[in-house]
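# Architecture and fold: a report
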Amino acid sequence: MPNRNKRSPLKSPRTSQSRGAKATNARTNSSRLIDPSAIAWAVSFIDRFEKPEEKFATPRGLEKQPDGSLTFPWIQYSPDVTEFEKGLYERHLNVVFDWGKWKRGEKLIANPGLIDHANAADCLKLITLCVRQERTYGGFLAEALESGVITACLKRLRALYS
């Protein structure tokens with residue numbers, strides 16, 4: 001008989017489902033309100049992302065090992081990107097939603113000009129999508145940074161919270 005108390009590795013634990021963000025005047029599936037200081041922290045990255053001191057990401061891997069095998073390819077992010085990604089989780093700015101089925105995100109990525117009119121929830125969802133998509137598409141976050149999608153979201157959040 002299966003152990004019904006054991007969590008499936010494919011399902012998020014209930015505690016992580018309660019995390020996320022609810023933007024002022026915007027609804028998400030979480031009841032947590034956004035701390036304005038968390039938004040201020042996030043928008044502090046605008047200058048660093050517009051004028052990076054180093055590349056956002058460097059491809060690594062495929063290095064030959066002594067036994068003849070090759071290391072798996074991976075992306076090494078700059079310290080600014082790593083700090084940003086880690087801080088999003090620490091400040092609960094990643095929104096819990098079904099980002100794989102969120103069609104508006106596709107439109108916003110395809111046409112970043114639409115971000116200028118997005119609400120706070122959509123900006124946070126788009127940032128979340130870019131961070132989480134990195135899990136299955138190595139380099140997605142770097143592409144979002146290089147294309148200006150992340151910076152556009154941060155600028156919109158700054159405008160909404162100013």
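See the structure above.
The following paragraphs examine the structure supplied in this document. (Residues numbered from 1 in each chain as written. Predicted model: local features only at pLDDT ≥ 70, side-chain atom pairs only at ≥ 80, totals over all residues. Heavy atoms only, no water.)

### Quick word on the overall build of the protein
Looking only at helices and strands, the protein features 8 helices and 2 strands. Burial analysis of the protein (162 residues in total) assigns 38% to the buried set. Of all intrachain contacts in the protein linking residues separated by at least 6 positions in sequence, the fraction that spans at least 24 positions is 62%. Only carbon and sulfur atoms are counted for the fraction: they give 51% of the accessible area of the protein, which is about 10,400 Å². (Helix = DSSP H or I, 4+ residues; strand = E, 2+ residues; numbered from the N terminus. Buried < 20%, exposed > 50% of the residue type's maximum accessible area, 1.4 Å probe, protein only. Contact = heavy atoms within 4.5 Å. Areas by Shrake-Rupley, 256 points an atom, 1.4 Å probe, with all protein chains shown as cover.)

### Comments concerning the packing of helix H2 (residues 36–43) against helix H8 (residues 149–161)
Where H2 meets H8, the axes come as close as 9 Å, and the angle between the chain directions of the two elements is 140°. Between H2 and H8, the crossing angle belongs to the class labelled oblique. Classified by chirality, the crossing of H8 by H2 is left-handed. Facing H2, whose interface residues are Ile 39, Ala 42 and Val 43, H8 presents Leu 154, Leu 157, Arg 158 and Tyr 161. For the contact of H2 with H8, the class distribution of residues is 6 nonpolar, no polar and 1 charged. (Axes fitted to C-alpha atoms, helices over the stretch in contact; angles between N-to-C directions. Parallel < 35°, antiparallel > 145°, perpendicular 65-115°, else oblique. Left-handed = near helix turned anticlockwise from the far one by under 90°. Nonpolar A, V, L, I, M, F, W, Y, C, P; charged D, E, K, R; others polar.)

### Here we look at the side chain of Glu 134
Summarising the element assignment, Glu 134 is placed in the loop between helix H6 (120–133) and helix H7 (140–147). This buried residue, Glu 134, is left without a salt bridge; Arg 135 holds the nearest opposite charge, at 9.8 Å. Of note is the side chain of Glu 134, whose polar atom sits 3.0 Å from the backbone nitrogen of Phe 140. Filtering out sequence-adjacent residues up to four positions away, Glu 134 remains in contact with Ile 75, Tyr 77, Gly 139, Phe 140, Leu 141 and Ala 142. (Lys, Arg positive; Asp, Glu negative; His and termini not counted. Salt bridge = Lys/Arg side-chain N within 4 Å of Asp/Glu carboxyl O. Polar contact = N/O pair within 3.5 Å; in protein donor to acceptor, adjacent residues only side chain to side chain.)

### Examining the pattern of salt bridges
Within this structure, the stated rule accounts for 8 salt bridges. Glu 50 is the partner of Lys 155 in a salt bridge, and the nearest nitrogen-oxygen pair spans 2.4 Å. Here Lys 155 is found in helix H8, whereas its partner Glu 50 is found in helix H3 (residues 46–50), with 105 residues between them in sequence.

### A word on H2
Burial in H2 covers these residues: Ala 38, Ile 39, Trp 41, Ala 42 and Val 43. If you follow the buried residues of H2, they end up packed against H3, helix H4 (79–90), H6 and H8.

### What about the environment of Asn 94?
Assignment of secondary structure puts Asn 94 in the loop between H4 and helix H5 (103–110). Spatially, the C-alpha atoms of Asn 94 and Lys 125 are 7.2 Å apart, while their sequence positions differ by 31 residues.

### Overview of the packing of aromatic side chains
Tallied over the entire structure, the rule returns 8 aromatic pairs. A centroid spacing of 5.5 Å and a plane angle of 85° characterise the contact between Phe 97 and Trp 102, whose relative ring orientation is edge-to-face. A single burial state applies to Phe 97 and to Trp 102, both of which are buried. Within the aromatic cluster, the residues linked to one another by ring pairs are Trp 41, Phe 45, Phe 49, Phe 56 and Phe 84. The side chain of Lys 125 reaches across the aromatic face of Phe 97, ending 5.3 Å from its centre. (Phe/Tyr/Trp six-rings, centres within 6.5 Å; stacked < 30°, edge-to-face > 60°. Lys NZ or Arg CZ within 6 Å of the ring centre and 35° of its normal.)

### Quick word on the nonpolar core
In this structure, Phe 49, Phe 84, Leu 93, Ile 150 and Leu 154 are the most contacted members of the largest nonpolar core, which totals 41 residues. Those elements giving two or more residues to this core turn out to be H2, H3, H4, H6, H7 and H8. Once residues within four sequence positions are removed from consideration, Phe 84 is found in contact with Trp 41, Ala 42, Phe 45, Phe 49, Ile 127, Ile 150 and Leu 154. (Core = buried A, V, L, I, M, F, W, Y, C linked by side-chain atoms within 4.5 Å.)

Function cannot be read off these values alone, since they describe shape.
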